Amino acid sequence: MRNAMICVSVMLAVFLGWPLAFGNGGTPTLEQSRAEASAILAPVAAAEVKPVQVAAASVPAKPESCYKRYQREIMQCKGGSSAACRLGAADHWDMCEATGFWPE
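Rules behind the numbers
Residues numbered from 1 in each chain as written. Predicted model: local features only at pLDDT ≥ 70, side-chain atom pairs only at ≥ 80, totals over all residues. Heavy atoms only, no water. Helix = DSSP H or I, 4+ residues; strand = E, 2+ residues; numbered from the N terminus. Areas by Shrake-Rupley, 256 points an atom, 1.4 Å probe, with all protein chains shown as cover. Contact = heavy atoms within 4.5 Å. Core = buried A, V, L, I, M, F, W, Y, C linked by side-chain atoms within 4.5 Å. Buried < 20%, exposed > 50% of the residue type's maximum accessible area, 1.4 Å probe, protein only. Axes fitted to C-alpha atoms, helices over the stretch in contact; angles between N-to-C directions. Parallel < 35°, antiparallel > 145°, perpendicular 65-115°, else oblique. Nonpolar A, V, L, I, M, F, W, Y, C, P; charged D, E, K, R; others polar. Patch = residues over 30% accessible without salt bridge, like charges linked within 9 Å, V, L, I, M, F, W, Y side chains within 5 Å. Salt bridge = Lys/Arg side-chain N within 4 Å of Asp/Glu carboxyl O. Phe/Tyr/Trp six-rings, centres within 6.5 Å; stacked < 30°, edge-to-face > 60°.

Could you give an account of the overall build of the protein, naming the residues involved and the relevant values?
The number of helices and strands found in the protein is four helices and zero strands. Reading the protein from its N terminus to its C terminus gives the helix and strand order α-α-α-α. Accessible surface for the protein amounts to roughly 9,400 Å². Of this, 66% is attributable to carbon and sulfur atoms.

Right under this line is the structure:
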């Protein structure tokens, strides 16, 4: 076990020490990265931004609660596989309570 730990330690030291000993290779410097980023972002900043039309202030419909949706799904489970349907609806209800969205 001791020999295995020595081997792993040596391999880790070589892995981490290789870039220090032999240079960065093709790793760009911070100034090169900033120059490339500004060259990419310049056309985006120069592009014309179109204004967005805002619709009249309308009140959005209140979303259905998870429990109400669960009750509606249970009412639709009148069939041969009602136990499986009810378990699926219960799972969906649990997911809806956790995330705020009913899974489809």
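Which residues make up the side chain of Arg69, and what values go with them?
Counting through the fold element by element, Arg69 comes out in helix H3 (residues 66-75). Ignoring anything within four residues of it in the chain, the contact list for Arg69 reads Glu64, Trp102 and Glu104.

Could you give an account of the nonpolar core, naming the residues involved and the relevant values?
Counting six residues, the largest nonpolar core consists of Cys66, Tyr70, Ile74, Ala89, Cys96 and Trp102. Within the residue set of this core, elements represented by two or more residues are H3 and helix H4 (82-99). No other element matches the three residues that H3 contributes to this core. Leaving out residues up to four positions away in the same chain, Trp102 has contacts with Cys66, Arg69, Tyr70, Glu73, Ala89, His92, Trp93 and Cys96.

So what about the packing of H3 against H4? Which residues, and what values?
Between H3 and H4, whose axes approach to 9 Å, the crossing angle comes to 170°. In this view, H3 runs roughly antiparallel relative to H4, as classed from their interaxial angle. When H3 is examined against H4, the residues Cys66, Tyr67, Tyr70, Glu73 and Ile74 are found in contact with a partner set consisting of Arg86, Ala89, Ala90, Trp93, Cys96 and Glu97. Residues belonging to the contact of H3 with H4 are distributed by class as follows: eight nonpolar, no polar and three charged.

Give me the lowdown on a nonpolar patch on the surface, citing residues and values where you can.
Judged by side-chain polarity, Ile6, Val10, Val14, Trp18 and Phe22 come together as a nonpolar surface patch covering roughly 540 Å² of accessible area. For Val14, the location among the structural elements is in helix H1 (residues 2-22). Looking at Val14, the relative accessible area reads 47%, which means it is partly exposed.

Talk me through the packing of aromatic side chains; I want residue IDs and the actual numbers.
Aromatic ring pairs are described here by two measures, namely the spacing of the ring centres and the angle between the planes. Throughout the structure, instances matching the rule amount to three aromatic pairs. Taking the centre distance of 4.5 Å and the plane angle of 20° together, the rings of Tyr70 and Trp93 count as stacked. On the criterion of sequence distance, the pair formed by Tyr70 in helix H3 and Trp93 in helix H4 is long-range, its members being 23 residues apart. Classification of Tyr70 as buried rests on a relative accessible area of 18%.

Keep in mind these numbers describe shape, not what the thing actually does.
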